[in-house]
Amino acid sequence: MTDLNDTGPVEPVEILLAEDEPSDADLCIRALRGKHVANHIVWVKDGAEALDFLFARGRYANRAHADRPRLLLLDLKMPRVDGFDVLRQLRADERFATMPVVIMTSSAEERDIVRGYDLGVNSYVPKPVDFASFQRAVEEVGLYWMLLNKAPGTVAVP
Amino acid sequence: MLFPLLEGIPVGIFIVRSGGQPYYANREAVRLLGRGVLPSATAADLADAYDVRIRGTEEPYPTNRLAIVEALAGRATDHDDAEIRQPDGTVVPIQIWGTPVTGPKGALEYAITAFADVSDRVHAQEGLRASEERFRTSVEVLPDGFAVFSAIHDSAGGVADFRYEYINEAGCRLDQRAREETVGHTLVELFPGLVASGLLAEYARVAETGEPLAREDTDYEDVYGGRRVTRAFDIRIVKLGDGIVATWRDVAERRRAEETMASQAAALRRSTADLEDRVRQRTTDLLRSNAELEGFSYSVAHDLRAPLRAIHGYCQILLNDHAGQLDEDGQALLGHVGRYAERMGHLIEGLLALASVSQKEPGRVPIDMTALVESVVAGLRDGHSGRWPAIAVGQLAGAIGDPGLIRKVWEQLIGNAVKFSANRADAAVSVESQATATEAIYHVRDNGVGFDMTYAGKLFGVFQRLHPTGFAGTGIGLAIVARILGHQGGRVWADGRVGDGACFSFALPADSTEKAATP
């Protein structure tokens, strides 16, 4: 669980997972891998790290700038920078304005859901406590956004 | 002779010789005495013979004071203290004059007594005395000072001062001066402060004009009992003859009482305000700590979810992907872990639901209860596996509330009725309502296992379960029901008997707009 991230530099990053809870991150990655939805998943532990990764700065300064993940799975309650702040900063930047972002969170509060959509999230998925349901939810999100959905950025690169 | 003349006068004349023998009585004397001349009587027993007594008593008149006896002894007398009892019982008060009559040589020849009927005067005096007594008795019992003054005029004819003619007991007490130190003295003499204060001039004006004077709560400074003090009086002055009558009352007591009452009222107001402040403060504290507690339980429950998901998740992964490496017992144990994690998940969801009830502002709209209950029943049936009871939903009264929250109440109560009657083949659930002027009351009845009324009070507590085995549940559903209804201005209660079904009832504010719509 300590090294969930792939080390291979060859494949482009397909999914960026921003999640401060290691067990949730682990279970999420296991669910995505289990259905072979994605090969290259990167896990960051909070919103600040997610922004560093996406904008290729800090410890991710050497990352190829154009290497934009195809999907961001975003937790809301995270230390330093929370999910809403990440979303706001991404949508304010034209390079990430259309990147698919799915909020996956323990909060099913109406207030949070509305705020997420206001900030331009593509999907809002409450995390079920029950693992089977959780697994199903993650698989469905991965399948839809990685395999079925065509995002603007991906059309140009066949 | 003089006798014919004496017969006509309205005074009794009785003459005895120097030897004491009765000699002559005129007509008035015979009338007054009620008897004629008693020749046998002697001077010594005249009082007895004519029944003369000391006026107003039963005492025989002393012989040695009898006018006739004194006159026989050579003394002239004038006594006004006798009365005669006439034979018919009539009492006649008399004044008696006695005169010795001497001859040319100075020797006593006759003794003459003259006596007059003084009934009129005596009655008048008695009337006066009675009236005076009435007056004194009346003013002596007064709690107020009362005094009668005669005016003292100056050379120009104006009123310069007043002299005490009479003062009652209360007046002496108020003035701290004995009656004998007062009556006969003048106001200015006893109370020089009256001049400086201008009160004397006001009293004089009453005597001169007849216009009465009434002063309330008047401060007056003078020497009382050897000390200079300021006192407060209510004073009334009216003119009486060439003088005045005064009544006065010390109002210090009343002032003190008023001040005490005012300060007590103020103290009461202060302590009431203080109490209200404390209640307000306490309520605020309580609301805050309640809110904090709910916030706390929400975040605890929320934070418990991730580790629980991990436990459950890893159990499942082990069972799914690594079953081959575990023997049968190991797999069963992992299954237990997973189920308990699941159970804990339900408890946490329940806690979150409970906490969220009070975290949102509830709506207050009219609810079509019949439609809502039918939709709840349909929803429950869709998600139900196993035996489904007969559910009878009557025409239900409308109420005011939050439809989303009230839906939860129905789901819980009807769900419970279904669950706890599932053991019977003839399970039946009914939903009814009744409307009062202010409330709509709903009943959900089942014929299931029921419960022991001893524990009725525990039904609505968090994690309270009356059926430990055989029925699924977290023990939080009814707590949520009670919380929702509390927030909606309603209430909830339950009736039941072990083995004989249960009836859960709740009340909500009535929908006052409904009456017009339904016949």
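It should be emphasised that the depicted structure is a prediction, and the values quoted were computed from it without experimental measurement.

Asker: Can you walk me through the packing of aromatic side chains in this structure?
Answerer: Any pair of aromatic rings gets described here by the distance separating the centres and the angle formed by the planes. All names here are of chain B. Taken as a whole and judged by the stated rule, the model has 18 aromatic pairs over all chains. On the basis of an interplanar angle of 75° and a centroid distance of 5.8 Å, the ring pair of Phe14 and Tyr50 is categorised as edge-to-face. Of this pair, Phe14 sits in strand β1 (residues 12–17) while Tyr50 sits in the loop between α3 (46–49) and β3 (52–54), and the two are 36 residues apart along the sequence. Assessed through its relative accessible area of 4%, Phe14 is described here as buried. Look at Tyr50 and you get buried, because its relative accessible area is 3%. Summarising the aromatic geometry, the rings of Phe149 and Tyr164 are spaced 4.5 Å apart at their centres and angled 50° between planes, so their arrangement reads as tilted. Highlighted residues: Phe149 in strand β7 (residues 145–153) and Tyr164 in strand β8 (residues 159–167), separated in sequence by 15 residues. Tyr164 matches Phe149 in its accessibility class, with the two residues each being buried. Joined through ring pairs, the aromatic side chains of Phe135, Phe146 and Tyr166 make up one cluster.

Asker: Honestly, the packing of helix α13 (residues 403–420) of chain B against helix α14 (residues 477–487) of chain B in this entry has me stumped. Any pointers?
Answerer: Packed helices, taken two at a time, are described by the angle their axes make and the gap between the axes. Residue and element names in this part refer to chain B. Between α13 and α14, the least distance of the axes is 9 Å, while the angle of their chain directions is 145°. Along this stretch, α13 crosses α14, giving a crossing that reads as left-handed. For the pair α13 and α14, contact is made by Leu405, Ile406, Lys408, Val409, Gln412, Leu413 and Asn416 and by Gly477, Leu478, Val481, Ile484 and Leu485, respectively. When grouped by side-chain class, the residues that make up the contact of α13 with α14 number eight nonpolar, three polar and one charged.

Asker: What am I meant to see in the sheet that holds strand β10 (residues 227–239) of chain B here?
Answerer: Residues and elements named next belong to chain B. Taken in spatial order, the five strands line up as β8-β7-β11-β10-β9 in an open sheet, and their pairing is antiparallel. The open sheet has two edge strands, β8 and β9 (213–224), and neither has a second partner. The average undirected angle you get between the axes of adjacent strands in this sheet is 40°. Relative to β10, β9 runs antiparallel, the two sharing 10 bridges. What sits directly across from Tyr220, in β10, is Arg231. Taken strand by strand, helix α5 (residues 119–141) contacts β7 and β8, and its axis lies near 100° from that of β8. Against the sheet, helix α9 (residues 199–209) engages β8, β9, β10 and β11 (243–250), with an angle of about 80° to β8.

Asker: Honestly, the interface of chain B and chain A in this entry has me stumped. Any pointers?
Answerer: Note: interface size is frequently given as the accessible area lost on complex formation between the parts. Listed by partner, the interface residues are 16 residues for chain B and 18 residues for chain A. Between the two partners, chain B and chain A, sit one salt bridge. Arg309 of chain B is the partner of Asp24 of chain A in a salt bridge, and the nearest nitrogen-oxygen pair spans 2.6 Å. If you list the elements that add at least two residues to the side of chain B that touches chain A, you get α10 (252–321) and α11 (328–357) of chain B. For the side of chain B that touches chain A, the element with the most residues is α10 of chain B, which contributes 13 residues.

Asker: Hey, could you run me through the packing of helix α1 (residues 22–34) of chain A against helix α5 (residues 131–148) of chain A in this one?
Answerer: Residue and element names in this part refer to chain A. Close contact between α1 and α5 brings their axes to 9 Å; oriented N to C, the two are set at 60°. Compared by their axis directions, α1 and α5 come out oblique. For α1 against α5, the interelement crossing comes out right-handed. Of the residues in α5, those touching α1 at Asp24, Leu27, Cys28, Ala31 and Leu32 are Phe131, Phe134, Gln135, Val138, Glu139 and Gly142.

Asker: Even after reading the chapter, I still don't get the side chain of Gln86 of chain B, so can you show me in this structure?
Answerer: All names here are of chain B. Mapped onto the elements, Gln86 comes out in the loop between β4 (77–85) and β5 (91–102). For Gln86, a relative accessible area of 12% translates into the label buried. With residues near it in sequence (within four places) discarded, Gln86 still touches Arg31, Leu32, Leu33, Gly34 and Val92.

Calculation notes
The residue numbering used here restarts from 1 in each chain and proceeds along that chain's sequence as written. Starting at A for chains and at 1 for ligands, labels are handed out in the order in which the entities are written. For this predicted model, a pLDDT threshold of at least 70 governs which residues receive local features, and a threshold of 80 or more governs which side-chain atom pairs are given and counted, while totals over whole chains, interfaces and linings are taken from all residues. Excluding hydrogens and water, the side-chain values take into account all heavy atoms of the structure. The rule is short: rings of Phe, Tyr and Trp, with Trp giving its six-membered ring, pair when the centres are within 6.5 Å, and they are stacked under 30 degrees, edge-to-face over 60, tilted in between. Working definition: helices are DSSP H or I runs of at least four residues, strands are E runs of at least two. Numbering for both runs from the N terminus. The rule is simple: take the accessible area with a 1.4 Å probe, protein chains only, and divide by the maximum for that residue type; under 20% is buried, over 50% is exposed, in between is partly exposed. Only the contacting stretch of a helix is used when fitting its axis, a line to C-alpha atoms as for every element, and angles between N-to-C directions run 0 to 180 degrees. The sense of a crossing depends on the near helix, which, turned anticlockwise from the far helix by less than a right angle, makes the crossing left-handed and, turned clockwise, makes it right-handed. Contacts: residue pairs with any heavy atoms within 4.5 Å of one another. Under the scheme applied, nonpolar residues are Ala, Val, Leu, Ile, Met, Phe, Trp, Tyr, Cys and Pro; charged residues are Asp, Glu, Lys and Arg; polar residues are all the others, including Gly. Think of it this way: DSSP has to see at least two bridges between two strands before they count as a pair. The salt bridge definition used is simple: a Lys or Arg side-chain nitrogen within 4 Å of an Asp or Glu carboxyl oxygen. An angle below 35 degrees is read as roughly parallel, one above 145 as roughly antiparallel, one from 65 to 115 as roughly perpendicular, and any other as oblique.

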